[in-house]
Amino acid sequence: MAPIVPPFPMARLRRMRGHAGLRALARENTLSVDDLIWPVFLREGDSLVEPVASMPGVNRLSLDRVVGAAAEAADLGIPAICLFPYTDPAHKTAGCEEAWNPENLTNRAIRAIRDQRIEIAVMTDIALDPYNIHGHDGIVVDGQIINDASVAALVKMALAQAEAGADILGPSDMMDGRIGAMRAALEEAGHKNVAILSYAAKYASAFYGPFRDAVGASGALKGDKKTYQMDPANSDEALRCVARDLGEGADMVMVKPGMPYLDICRRVKDTFGAPTYAYQVSGEYAMIKAAAANGWIDGEKAMWESLLAFKRAGCDGILTYFAPDVARGLKAG
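Rules used throughout
- Residues numbered from 1 in each chain as written.
- Predicted model: local features only at pLDDT ≥ 70, side-chain atom pairs only at ≥ 80, totals over all residues.
- Heavy atoms only, no water.
- Buried < 20%, exposed > 50% of the residue type's maximum accessible area, 1.4 Å probe, protein only.
- Helix = DSSP H or I, 4+ residues; strand = E, 2+ residues; numbered from the N terminus.
- Pairing = 2+ DSSP bridges.
- Salt bridge = Lys/Arg side-chain N within 4 Å of Asp/Glu carboxyl O.

### Digging into the pairing of strand β12 (residues 317-320)
Point 1. The alternating pattern of β12 places G317 and L319 and I318 and T320 on opposite faces, both of which are buried.
Point 2. Two elements, strand β1 (residues 36-42) and β12, share two bridges in a ladder whose sense is parallel. Across the sheet, the residue bridging to I37 is L319, located in β12.
Point 3. In terms of strand pairing, strand β11 (residues 276-280) meets β12 through four bridges, oriented parallel. Residue pairing in the sheet places A278 in a bridge with I318 of β12.

### What to know about the pattern of salt bridges
Point 1. Enumeration over the complete set of coordinates arrives at 20 salt bridges.
Point 2. For R328, the salt bridge goes to E72, with nearest N and O atoms at 2.5 Å. Residue R328 is located in helix α11 (residues 323-332), and its partner E72 is located in helix α2 (residues 63-76); the two are separated by 256 residues in the primary sequence.
Point 3. With a relative accessible area of 31%, E72 lands in the partly exposed category.
Point 4. A salt bridge links K225 to D137, with the nearest nitrogen and oxygen atoms 2.7 Å apart. Taken together, the residues K225 in the loop between α6 (209-215) and α7 (236-247) and D137 in the loop between β5 (121-126) and β6 (139-141) connect sequence positions 88 residues apart.
Point 5. Judged by its relative accessible area of 0%, D137 falls in the buried class.
Point 6. Through salt bridges with shared partners, one network takes in D173, D176, R178, R244 and D245.

That's the geometry; what it means functionally is another story.
Written out as C-alpha cells, the structure is:
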C-alpha cells in the first residue's frame, strides 16, 4: 500500500527530524547488543595476542586469551562468539584430517570456554580451508573440489565440534547437501539441540582477503572458489540456496558478505521470514578502519551506520569484528 502524504505545507517531513527526541520516536530500526556475534581468531601459544596486520584492532588469541575474550564478551552482553583457527601449516593436509581432530585448536577452545562456565553461545566455522594444503573449503582431487567427499569430511568436523560443546555450527563451505547430512548425523549422535547457522548465500567475493590472512589460508589457496561460492551477479540463486538449506534443517541462514549484498538480505528475510544474519566481512571492516586511519571518514560514525544498515535490510543479527566496540558504546549509553 502506498503511503499517504498530504501536499506541502500540510506535510513537512522535516518536522519529525527537528530534534533528537522526535528522531528517536520516529526511528524505524535500532541496533542492540543482542544483534551481535563476535568473530574471534585462535592460534597456538600461551598468553599470546598477535595482531592481524590487514585488520587493525583484530588479533589472533591463544587459548587462555580466548577464554578471557569470551568472558569479556559475556560481560558486555554479547550473546555469541564465533571461533576461527589459524592452523599450523604442519597440520594441513590434502585430506584435511585435522578438521575433525578432537584436540584441534577450535575444539580445545570450545572446551576451555565451557570449562569456565561462561554464559555465552559458542559458534564455530565448518569449512576445510584452515586445514587444507590447497586452501579450499572442500577436498581437492586433480584440481577439482569434490562435493560428496567434502560433505563426508564436513560431517565429521561438525560432529567433533558438537562433541566439544559447540552451541551453533556455521557451515561456510557452500557444498551441496551438507546441511541435510550434518543435521541427520547430529540427530543420530544425540546432538538434537545443536543449532545450524548456514552460510546459505555465500558469494565468491573480493572482500575476504584480510580474513584469509588471519587464518593463514591466503598463501595456500590455489585458484579461486568460484565453482562452489556464488556468482556476485546472481540474486534468485541465493533464494534457491536458502530454501534448500532451510528445507534440509538449517535453523538460521546467513548472507556473506554483508553490505554489498543488502538486497539479498532483504529478499531472504521477506521471502522466508527465517532468522536471517549477515557477516560484515574482513574487507568491509578493513575498509572502514583504513579510511578512518587516513582521516577520510569518521570511523565510529561509519561503524554505527554500517551496522544499522543490516537491521534496515531485515537482518536479525550481524557477525562483526566491531562487536566489542559496539557493545561498549551501547553499555555507555
